[in-house]
Amino acid sequence: MAEPPVLIRQDEVEGLLHYKDLIPRLEVALGKFSKLDSAEVIQPVRTTVPLQKYNGFLGLMPAYLVHEDILCTKLVCFYKRESGSTLPSTQATVLLFDPEYGNVKAVMDGEVITAKRTAAVSAISAKLLMPAKSEVLTILGAGHQALSHYNVFTETFSFKEVRVWSRRKETAERFAQSTQGHVTVWESVEEAVNGADVIVTVTGASEPVLFGQWVKPGAHVAAVGACRPDWRELDDVLMRQAKVYVDSREGAVAESGDIILSGAKVFAELGEVLNGTRPALREKTTVFKSLGMGIQDAVSAKLVFEQWKNKH
Ligand SMILES: NC(=O)C1=CN([C@@H]2O[C@H](COP(=O)(O)OP(=O)(O)OC[C@H]3O[C@@H](n4cnc5c(N)ncnc54)[C@H](O)[C@@H]3O)[C@@H](O)[C@H]2O)C=CC1
Ligand SMILES: O=C(O)C1=NCCCC1
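Residues numbered from 1 in each chain as written. Chains lettered and ligands numbered in written order. Predicted model: local features only at pLDDT ≥ 70, side-chain atom pairs only at ≥ 80, totals over all residues. Heavy atoms only, no water.

As recorded in an unreviewed UniProt entry, the protein goes by the name Ketimine reductase mu-crystallin, listed as coming from Oncorhynchus kisutch. UniProt's Subunit (unreviewed entry) comment on the protein is quoted here verbatim: "Homodimer. Binds the thyroid hormone triiodothyronine (T3); T3 binding inhibits enzymatic activity." (UniProt positions renumbered as here; feature names shortened; annotations may be inferred.)

Q: Break down the overall build of the protein for me, with residues and values.
A: When helices and strands are counted, the protein shows eleven helices and 15 strands. Each of the three principal axes of the protein carries a C-alpha extent, and together these read 60 × 40 × 40 Å. Residue burial in the protein is summarised as follows: out of 312 residues, 54% are buried. By sequence separation, contacts in the protein at least 24 residues apart represent 68% of the contacts at least 6 residues apart. Of the roughly 14000 Å² that the protein leaves accessible, carbon and sulfur atoms contribute 53%. Here the protein holds 35 positive side-chain charges and 38 negative ones, and the gap between their average locations is 2 Å. (Helix = DSSP H or I, 4+ residues; strand = E, 2+ residues; numbered from the N terminus. Buried < 20%, exposed > 50% of the residue type's maximum accessible area, 1.4 Å probe, protein only. Contact = heavy atoms within 4.5 Å. Areas by Shrake-Rupley, 256 points an atom, 1.4 Å probe, with all protein chains shown as cover. Lys, Arg positive; Asp, Glu negative; His and termini not counted. Charge placed at Lys NZ, Arg CZ, Asp CG, Glu CD.)

Q: Which residues make up the site of ligand 2, and what values do they have?
A: Surveying the vicinity of ligand 2 reveals the residues Arg 46, Met 61, Lys 74, Val 76, Phe 78, Thr 114, Arg 117, Cys 227, Leu 291 and Gly 292. Within the side chain of Arg 117, a nitrogen or oxygen atom sits 2.8 Å from an oxygen atom of ligand 2. When the free accessible area of ligand 2 is taken as 260 Å², the share hidden by the protein chains comes to 90%. When residues of the shell around ligand 2 are traced back to their parent elements, those giving at least two are β5 (70-79) and α3 (111-129). Counting residues per element, the shell around ligand 2 draws most heavily on β5, at three residues. When its residues are assigned to classes, the shell around ligand 2 shows five nonpolar, two polar and three charged. (Near = heavy atom within 4 Å. Polar contact = N/O pair within 3.5 Å; in protein donor to acceptor, adjacent residues only side chain to side chain. Nonpolar A, V, L, I, M, F, W, Y, C, P; charged D, E, K, R; others polar.)

Q: Lay out the site of ligand 1 with the relevant residues and their values.
A: Around ligand 1, the structure places 25 residues, and the nearest of them are Ser 89, Ala 142, Gln 145, Thr 203 and Ser 290. Interatomic distance of 2.8 Å between a backbone N/O atom of Gln 145 and an oxygen atom of ligand 1. In isolation ligand 1 offers 860 Å² of accessible surface; the protein chains occlude 85% of this area. For the shell around ligand 1, the secondary structure elements donating two or more residues are α3 and α4 (144-156). In terms of residues, the shell around ligand 1 owes the most to one element, α3, which gives three residues. The class makeup of the residues in the shell around ligand 1 is nine nonpolar, 14 polar and two charged.

Q: Before we move on, can you summarise the sheet that holds strand β15 (residues 286-289) with the specific residues and values?
A: On the basis of which strands lie adjacent, the open sheet formed by eight strands has the order β10-β9-β8-β11-β12-β15-β13-β14 and parallel pairing. A strand with exactly one partner marks an edge of an open sheet, and here the two such strands are β10 (184-185) and β14 (266-269). Here strand β8 (residues 136-140) pairs with strand β9 (residues 161-165) via five bridges, running parallel. The residue of β9 that forms the bridge with Val 136 is Glu 161. (Pairing = 2+ DSSP bridges.)

Q: So what about the packing of aromatic side chains? Which residues, and what values?
A: Within this structure, the stated rule accounts for eight aromatic pairs. Ring geometry for Phe 157 and Phe 159: centres 6.0 Å apart, planes at 70°, overall edge-to-face. Using a relative accessible area of 11% as the deciding quantity, one classes Phe 157 as buried. Between Tyr 245 and Phe 267 the ring centres are 5.6 Å apart and the planes differ by 65°, which places this aromatic pair in the edge-to-face class. Highlighted residues: Tyr 245 in strand β13 (residues 243-246) and Phe 267 in strand β14, separated in sequence by 22 residues. Accessibility classification places Tyr 245 together with Phe 267 in one group, the buried group. An aromatic cluster is defined as three or more aromatic residues linked by ring pairs; in this entry it consists of Phe 57, Phe 78 and Trp 231. The residue whose ring lies beneath Lys 116 is Tyr 19, and the NZ or CZ to ring-centre distance is 5.8 Å. (Phe/Tyr/Trp six-rings, centres within 6.5 Å; stacked < 30°, edge-to-face > 60°. Lys NZ or Arg CZ within 6 Å of the ring centre and 35° of its normal.)

Okay, structure coming up:
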């Protein structure tokens with residue numbers, strides 16, 4: 001009989017999952033995914049169950065990486081919260097299976113995994129697509145993803161200035177007080193992104209907050225929020241003037257309001273750039289539209305489980 005699953009709590013996942021280990025594994029997984037070979041990677045588009053009563057969704061995100069033998073699924077609830085709400089906007093649990101027996105080996109917190117793997121993938125997009133001499137980083141939004149993005153972007157790159165904007169100034173100020181390095185708080189998006197080389201959008205918005213006319217030509221935007229077909233963070237001008245990169249084409253055309261409603265064309269998947277089959281157009285204005293993928297959770301969960309086993 002199979003052993004019962006181990007339970008790995010949020011604080012343990014936090015201590016076990018490090019960007020330096022995670023980023024290379026995510027790069028390999030994204031590259032494999034973009035080869036479109038089902039003998040390598042199986043990842044259906046996320047299934048969503050609407051929770052209309054609560055303005056949210058339950059997302060089911062299974063993935064199987066065949067050669068690494070990683071079978072995993074994340075169960076994630078995400079919500080559109082009113083300003084001032086104290087309820088969480090994302091709650092997630094990750095199940096790691098033994099693919100041969102079919103039993104669950106580990107049940108682990110999915111919030112840290114979601115925060116870190118999403119930020120790590122945005123950092124990969126920036127590494128490939130941001131202007132060669134990037135000095136100013138602007139973060140729009142001041143929640144969980146804002147913090148994980150701040151952490152990995154400042155750990156990986158050397159920006160001279162980091163700015164934050166949030167729809168409530170107090171939240172942006174609290175964010176700036178919580179970071180290790182200096183962050184300046186801005187009251188308007190237009191001012192916050194003026195001259196920025198890299199812009200990260202991590203808001204719960206369902207209408208555009210970032211407009212193309214404010215974005216410096218050649219800047220890189222990592223657009224992380226707006227994960228439903230009728231939600232937006234970016235306007236049509238930006239979507240149409242930029243070269244648009246995605247994590248998964250299939251996911252993007254099914255789930256991204258910024259892509260579907262603007263009619264923007266997807267130029268490439270990050271994995272195609274990593275594989276060298278599509279170019280990284282660093283000199284152009286670029287948008288990386290992130291939606292999140294089961295394979296990202298799967299490689300993260302495997303890493304957490306490996307580290308956990310080393311300690312037990
Ligand atoms: N692409 C991906 O893989 C993932 C995307 N997400 C998305 O990233 C976004 C941020 O997630 P978290 O940081 O966990 O949420 P959070 O609730 O911790 O922070 C959200 C931030 O957005 C702001 N915000 C909310 N509604 C807004 C509006 N209408 N206009 C402007 N700002 C608004 C809030 O004030 C807060 O600063 C969400 O849209 C979430 O669904 C989350 C996980 C993974
Ligand atoms: O990939 C994920 O995990 C999520 N993506 C979009 C919404 C929240 C969770």
